[in-house]
Structure formats: structure tokens, C-alpha cells
Amino acid sequence: MRRALSEIAALLVGDPQADRLVPPTGFTARLTLITSGIMAFLAVFALALSLAAGRLAERWGEELSRSATLRISAPAEQMDEQTEAALRVLETTAGVARARALSEDEQRALLEPWFGPDIPVETLPIPQLIEIIEDEPGYDADGLRLRLQAEVPGAVLDDHTRWRRPLVEAASKLRVLGWLSIGLIFTAMAAMITLAANAALAANAQVIAVLRLVGARDSYIAKAFVRRFTLRALSGAALGMVAGLVAVWFLPAAQEAGGFLSGLGYAGAGWLWPLIIPPLAAVVAFAATRSAARKTLKGLR
């Protein structure tokens, strides 16, 4: 722990003489800053995608798991009788919190996106829908189906299992894809920083040779490059993170009718998650530059 803290302190303080080894401007400086900024910007959106997909999976799973629909198909003269019988069965079923038959206006609202607002529900042979809300323990779906089959022949129970599972699985996979994208983003950042560090080391080969002649160790030389590239990556990633948060802020707010795309963003304490991106970029730059410095310095001997 003390060693790690001392390395962090040395990284922040640095050595003015050693810092002169690394050019403060030029191609490698711009490449590191731009790469870190762009990758941090993309990481903000990938993180927002992953968190939004996680919220979506939880919401779909919770809402659909607690609701079910009973569909009653019967002749018009028997519809009211079978609806009342089905409600009596549901009222005496353990695990059912409440059940109610949808009104004509509610069923018209469900059909409106498909048939338009002027659909004559009362004249069409559409089934009667009953909304079922279960309590915490839940109910025995198979047992309820058997009771309904005996007492309400025209009733069909849909517990949303076939709808819930694909939706939740899709949202969960999308969340994993978001985290995988973040991993690929930081991998690409490490590759670009490695190339920039190698270019900087190669460009300063003569200076490195002179330093070795006067007794400078490779670890001393490497620390100068590691510090400069780590701080460049940290600053570039911070700028990219701020730009990404501003872009996410202007995305459409979550709306019930907007679906998933309108809820793509952060919520509550989730806005703190992007703050880990600049430190992660610094860690990636530190590891990539140190590895590149060691290999390149060996090759320059």
C-alpha cells in the first residue's frame, strides 16, 4: 500500500529534469490527448447504454412478472356470465392481489394503434380482457388454469412468460454488450497510447543514449515518459468525459411512449459513474506506457 501511494505521489510530483526528455507538444502529445478524449466520449455513451439496459431489464422483469391477462372468448349472451364467473374464481385464488375486467374504452385504447380511434368495439366479437395483479408470493398458474378450464371454458390465462423472457434476455444482453464496448474502447486506447509512447521514445533515442552515458538508469528514463503520457491521458479523458456528459444531458428525457431510446442516459446517482472514466484512462495509459518504455528501451541498447 505504501509503495503504491509513493508511486502515485511520484507520478503527480514528477521530476522537472526528467520531464524534459518527453516533448510537451508535437504529434505524440496531440495523439494521446485526442485519443483519450475520443475514447472517453465513447465510453460515456457505452456506459449510459449499459446502465439504461440494466434499468430496462429490471423494469420489464418487475412489471411483467406481477401482471397477467385473462382472455375470455364466448358468445355475446354468455360474455357477462363468464366474466363474472372468472372474477369469482380469481377472487378466491391465493396469490392474486386484485383482478378487474377492462372497460370498452380501455380495450378500444389497446386496439387503437392497430385499427384507428373510431373502432366500434361494442359491435366486434373481441374477447373480454381481465387484468390480474399478483401479490408477493404469487399464484399457481397451472392450478388456476385447471380451475378456469372447469368453471370458465372460454377463459385463457396469459401470464406473460413468453413475452417477459425474451425482453429481459434482450435487455440483459444489451447491458453486457455495453460493458464489452467499454472494454474494447479502453483496449483501443491502450494500443494508441502504446504507439504514441513508442514513437516518442524512438524520437528521443539520441537523448536517451546520452543519459545512459552519464549514468541514468532505464527506470529513471521510463518514469519520465510514463508520467507525461499518464497525465496526458488523464486530462484528455477528463475533457472527453465532460463533453460526453453534456451530450447525454441533451438527449430526450425518459418517456413512457418513447420506449428505450428516450431513456438512454443516466438517472440519479448514475451520473457519478462516468467519473471513473478518467482514472481508468490514466491507469490504462500508465500500464501501456510502462510496458512500451521497457520494451523500447531494451531495444535501444
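Residues numbered from 1 in each chain as written. Predicted model: local features only at pLDDT ≥ 70, side-chain atom pairs only at ≥ 80, totals over all residues. Heavy atoms only, no water.

A few words now on the overall build of the protein chain. For the protein chain, the helix and strand inventory stands at 10 helices and four strands. Within the protein chain, the fraction of its 301 residues that count as buried is 39%. When contacts within the protein chain are restricted to residue pairs at least 6 apart in sequence, those whose partners lie at least 24 apart make up 84%. For the protein chain, the accessible surface area stands at approximately 17700 Å², while carbon and sulfur atoms represent 63% of it. (Helix = DSSP H or I, 4+ residues; strand = E, 2+ residues; numbered from the N terminus. Buried < 20%, exposed > 50% of the residue type's maximum accessible area, 1.4 Å probe, protein only. Contact = heavy atoms within 4.5 Å. Areas by Shrake-Rupley, 256 points an atom, 1.4 Å probe, with all protein chains shown as cover.)

The next thing to look at is helix 10 (residues 277-299). With 23 residues, helix 10 extends 33 Å from end C-alpha to end C-alpha; this agrees with the ideal 33 Å at 1.5 Å per step. Residues Ile277, Pro278, Ala281, Ala282, Val284, Ala285, Ala288, Thr289, Ala292, Ala293, Thr296 and Leu297 constitute the buried set of helix 10. (Expected span 1.5 Å × (residues − 1).)

What follows concerns the nonpolar core. The biggest cluster of nonpolar side chains holds 40 residues, and the ones touching the most others in it are Val44, Phe186, Ile193, Ile221, Phe225, Phe229 and Tyr266. At the level of secondary structure, the elements contributing two or more residues to this core comprise helix 3 (27-65), helix 7 (161-203), helix 8 (205-213), helix 9 (218-249) and helix 10. The element best represented in this core is helix 7, accounting for 10 residues. If you look at the next biggest cluster of nonpolar residues, it comprises 18 residues, including Ile130, Ile132, Tyr139 and Ala155. (Core = buried A, V, L, I, M, F, W, Y, C linked by side-chain atoms within 4.5 Å.)

Time to look at the pattern of salt bridges. Under the definition given, this model contains four salt bridges. A salt bridge links Arg100 to Glu131, with the shortest nitrogen-to-oxygen separation between them at 3.2 Å. One end of the pair, Arg100, is in strand 2 (residues 96-101); the other, Glu131, is in strand 3 (residues 128-134), with 31 residues separating them in the sequence. Overall, Arg100 belongs to the partly exposed group, its relative accessible area being 39%. (Salt bridge = Lys/Arg side-chain N within 4 Å of Asp/Glu carboxyl O.)

Counting buried positions along strand 3 gives six out of seven residues, so the element sits mostly inside the fold. Relative to strand 3, strand 1 (residues 67-72) runs antiparallel, the two being bridged by six bridges. Paired with Ser67 across the two strands is Ile133, which belongs to strand 3. Across five bridges, the pairing between strand 2 and strand 3 is antiparallel. Considered in strand 3, the bridge of Arg100 is made with Glu131. (Pairing = 2+ DSSP bridges.)

It is at 8 Å that the axes of helix 9 and helix 10 come closest, and there the two elements cross at 150 degrees. In terms of orientation, helix 9 lies roughly antiparallel with respect to helix 10. Helix 9 and helix 10 meet at a crossing whose hand is right-handed. Facing Asp218, Ile221, Ala222, Phe225, Val226, Phe229, Thr230, Ala233, Leu234, Ala237, Ala238 and Met241 of helix 9, the residues of helix 10 in contact are Pro278, Pro279, Ala281, Ala282, Ala285, Phe286, Thr289, Arg290, Ala293 and Leu297. Partitioned by chemical class, the residues of the contact of helix 9 with helix 10 number 18 nonpolar, two polar and two charged. (Axes fitted to C-alpha atoms, helices over the stretch in contact; angles between N-to-C directions. Parallel < 35°, antiparallel > 145°, perpendicular 65-115°, else oblique. Left-handed = near helix turned anticlockwise from the far one by under 90°. Nonpolar A, V, L, I, M, F, W, Y, C, P; charged D, E, K, R; others polar.)

Another point: the side chain of Thr93. Examined against the element boundaries, Thr93 turns out to sit in the loop between helix 4 (76-91) and strand 2. Relative accessible area serves as the criterion here: at 11%, Thr93 is assigned to the buried category.

Time to look at the packing of aromatic side chains. Centre distance and the angle of the planes are the two values used to describe a pair of aromatic rings. Scanning the entire structure with this criterion turns up four aromatic pairs. With a centroid separation of 5.2 Å and 55 degrees between ring planes, the pair formed by Phe41 and Phe45 is classed as tilted. In this pair, Phe41 and Phe45 both sit in helix 3, four residues apart, roughly one turn of the helix. The class for Phe45 is partly exposed, based on a relative accessible area of 26%. On the basis of an interplanar angle of 50 degrees and a centroid distance of 5.3 Å, the ring pair of Tyr266 and Trp271 is categorised as tilted. Under the relative-accessibility criterion, Tyr266 is labelled buried at 8%. Judged by its relative accessible area of 27%, Trp271 falls in the partly exposed class. Feature note: the residues Trp249, Tyr266 and Trp271 constitute an aromatic cluster, connected by ring pairs. The cationic tip of Arg232 hangs over the ring face of Phe229; the distance from NZ or CZ to the ring centre is 5.1 Å. (Phe/Tyr/Trp six-rings, centres within 6.5 Å; stacked < 30°, edge-to-face > 60°. Lys NZ or Arg CZ within 6 Å of the ring centre and 35° of its normal.)

The topology assignment puts Ser67 in strand 1. Residue Ser67 is classed as buried on the basis of its relative accessible area of 14%. Along the backbone, Ser67 and Val96 are 29 residues apart, and their C-alpha atoms lie at a distance of 9.6 Å. When neighbours within four sequence positions are excluded, Ser67 is seen to be in contact with Ile132, Ile133, Asp159 and His160.

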